[in-house]
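# Coordinate inspection notes
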Amino acid sequence: MPLKKKGSLQTLQRETEAIQRRLDESASVGNYDQHKRDEVEGLWALQDRLRALSLQLQDRDVGPSSNDAEEDSIGEKDEESQEDEDEEEDDDDAAKNRAASDEGADGARVPAEGVPGSYVVLSAFAGDEEGDLSVQKGDVLRVLQKNEDGWWLVQDSDSNRGLVPRNYLRLISSHEQEKQSEDEESDEEWEAENEPLDVQPSTSSDWDSVRKTVTEMDATDVLSAMGAIPPGFRTSTLSRLLEEGMSYRASHYIQPKLSQSELCFKDLHLEPDTGKVRPHSSRVCLTLTLWSCRFIPPPGVGLTVLSRHIRLCAFNGTQVLSNIHTVRAAYSPNSPKAWSFSPRVRGMRPSVLDGDCFLRCDSQSPGLGILFELGTTYVRNSTGQRGNLSCGWSFLQLLDDSGTLLPLRELWNCVCVCVCVRAHSCRTHELTVHGGTPYEREADIDGTSSKRGSNTGVFQQVLMSRKLPKLRVNIKSPNTRTREQLNLLPGTIVGCLSTLPLLAVYRQLLADALLLERVTMQNADLICSSVLATFPEVLDQTDLMDAFKSWVEAENNLKRSDKKDIGVLKKTFQSVFMSGVFPLLFVAGMPTPLWADEDAETCRARFIYSPTQKITMETMLSSSHTHQAFDISQVTYDLLTSAWS
């Protein structure tokens, strides 16, 4: 009959014996990885118990110096520890009952003894299955139950409960908790000291309303009150997300992502026979073309518009699910309310003006669709202040509320106002442009709702509907060649269709370096490759991507047999990148890219396209050439940083 649990030493001894028994047992070859993960998780749990036991032993060492006093104190501590253990057993039973009620009757997870304390989240975790808890980096959680399979039952600050992997959590030490409590107390003392003594709390909410209005007032409210912009204009939501960091840029989504177990890549695999990237389909895969916008009200006097553009991304009604892609619109002073895309230019069209785009999204979120935000970048004539405005938004739904992909014919019939047949797999839609933000469903761009309400006749309503802001978008399914290249990309990404061949070859180079050329899969050393390290940075700079499009011309000059040889394509890719693009990244005289800045764009174009200032490997080695200081990140690819970012 097993011994009754009496303390931490007995618990530690039982777990040590259990681990030793499992190590002595022979594991089958097919289940070796699972057996290895179970042993690692058991060692982590054992390490936590040892840490807790060492803290208890340190507390016992502090006490009176006499032997009698030590014996008395030890006896009292034994009694207190026995009472605490009984209370912990009661708490564990209650936690187990709560976990059993949450998980249901499946009984798939075996509960283990829990250790009280607070844990901090090391990395964001998105729960995919029912019963999981989605957490963000830095959240503080309370562990309710520790399971032997590595999934712990936790509770967040909002009393939400769910399962989280153990390797996403770190125990907060008592020193950190004391420091956090001291910081909170010091903040409260500072607020109490700086609170004015002669101001008494008022029972009226007028002052609170005024203070809230003043603090929340931004430049858009001021411009709207001055009449400089229509009432439906808002501060651009997608521009604000792009300015926050790299999370919504293409350079972030082109990188390979680790799987949930962090033992392999989620979206990057190799075919064992051919050595090429294994293609994988996505839930939504399509190409689209931006055609035109009409009846978009322009800003009023006092503002100079620097750019008119459309930002698009995958959206489910509450959250942006992909990177944000921007296409600049062409504008004619003769038609101030009309925007057009993909203008005719000599030579190769710049990527920022190219309205042909692709979209891949592998999200299972219901109500998935494409969000289009019409925006302008402006500068105030009086103050010189720059800003980004949203002129309206449109949404094209691709999945219904149950998460089912809408058939193309049904989708076209539901959203099309004006249908123009160009091919069997191609339709043009006229989407209504709404004012405000995607979270404001009843805002108008120019406040015409009252005008429409006064015109009760059918003829007047038809005339008014023709003057509503519209966005014309062409949605089509990709052809065979385009679909093959799209299936080599990550599951979720949005971009310019003309850069698709470059992205496909870059993913092949990534697969070779990460899956084929590494000594072991556990090796996380820096990879010496300038192409892998700097191509994501080039992807976010459209003018450098235009300079890299010369690779397409080099590919066209190859023989027909060489075009199908992936080895020849990779060598051509690396040669063109290192000779024509890599030197431009670190030129000291070229300014950093700034959106809608004409001076910066002109100066950068002079370095990129001018034959007299063209930078080659010879000019880089000359004494007259100045370049930025060397950094190891220019020539090395960091796998851990890119996979965990």
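Below: a short report on this structure. (Residues numbered from 1 in each chain as written. Predicted model: local features only at pLDDT ≥ 70, side-chain atom pairs only at ≥ 80, totals over all residues. Heavy atoms only, no water.)

Of the residues making up helix 7 (residues 237–244), those classed as buried are Thr237, Leu238, Ser239, Leu241 and Leu242. On its buried side, helix 7 packs onto strand 7 (234–235), strand 9 (303–315), strand 10 (325–328), strand 14 (369–380) and strand 15 (386–397). (Buried < 20%, exposed > 50% of the residue type's maximum accessible area, 1.4 Å probe, protein only. Helix = DSSP H or I, 4+ residues; strand = E, 2+ residues; numbered from the N terminus. Contact = heavy atoms within 4.5 Å.)

Within strand 9, 10 of the 13 residues are buried, which leaves it mostly tucked inside the rest of the structure. Relative to strand 14, strand 9 runs antiparallel, the two sharing 12 bridges. Across the sheet, the residue bridging to Phe315 is Gly369, located in strand 14. Judged from the 4 bridges that link them, strand 9 and strand 10 form a sheet pairing that is antiparallel. Paired with Arg311 across the two strands is Thr326, which belongs to strand 10. (Pairing = 2+ DSSP bridges.)

Hydrogen bonds between backbone atoms are what pair the strands of a sheet, whose relative direction is either parallel or antiparallel. The strand order 7-15-14-9-10 describes an open sheet built from 5 strands, whose pairing is antiparallel. The open sheet has two edge strands, strand 7 and strand 10, and neither has a second partner.

With that out of the way, let us pick up the nonpolar core. In terms of nonpolar packing, the biggest core is built from 51 residues, with Tyr506, Leu514, Phe535, Phe548, Trp551, Phe573 and Phe577 touching the most fellow members. Residue contacts for Tyr506: discarding those within four places in its chain leaves Ile254, Gln255, Val531, Leu532, Phe535, Pro536, Phe573 and Tyr637. Counting 37 residues, the second largest nonpolar core, distinct from the first, contains Leu286, Ile370, Leu399 and Val494. (Core = buried A, V, L, I, M, F, W, Y, C linked by side-chain atoms within 4.5 Å.)

Bringing a nonpolar patch on the surface into the picture now. Nonpolar side chains collect at one region of the surface, where Leu526, Phe630 and Ile632 lie side by side and expose about 340 Å² of accessible area between them. Mapped onto the secondary structure, Leu526 falls in the loop between helix 13 (500–516) and strand 19 (527–528). (Patch = residues over 30% accessible without salt bridge, like charges linked within 9 Å, V, L, I, M, F, W, Y side chains within 5 Å. Areas by Shrake-Rupley, 256 points an atom, 1.4 Å probe, with all protein chains shown as cover. Salt bridge = Lys/Arg side-chain N within 4 Å of Asp/Glu carboxyl O.)

Among the secondary structure elements, Ser259 is positioned in the loop between helix 8 (250–253) and strand 8 (284–294). The buried category is assigned to Ser259, whose relative accessible area is 15%. Apart from the residues lying within four places of it in its own chain, the contact partners of Ser259 are Cys264, Phe265 and Lys266.

All right, on to the pattern of salt bridges then. Under the defined criterion, the tally for this structure stands at 6 salt bridges. The shortest N-O distance in the salt bridge between Glu601 and Arg328 comes to 3.3 Å. Placement of the pair is Glu601 in helix 20 (residues 598–609) and Arg328 in strand 10, with a sequence separation of 273 residues. Given a relative accessible area of 33%, Glu601 falls into the partly exposed group. The closest approach of N and O atoms between Arg604 and Asp543, which form a salt bridge, is 2.6 Å. Placement of Arg604 in helix 20 and of Asp543 in helix 15 (residues 542–548) is noted, with a sequence separation of 61 residues between them. The exposure class of Arg604 is buried, given its relative accessible area of 3%.

Let us now look at the environment of Leu405. The topology assignment puts Leu405 in the loop between strand 15 and helix 9 (408–415). By relative accessible area, which is 44% here, Leu405 ends up partly exposed. Sequence separation of Leu405 and Gln364 is 41 residues, and the distance between their C-alpha atoms is 9.9 Å. Beyond its immediate chain neighbours, meaning those up to four positions away, Leu405 contacts Arg283, Val284, Leu398 and Leu399.

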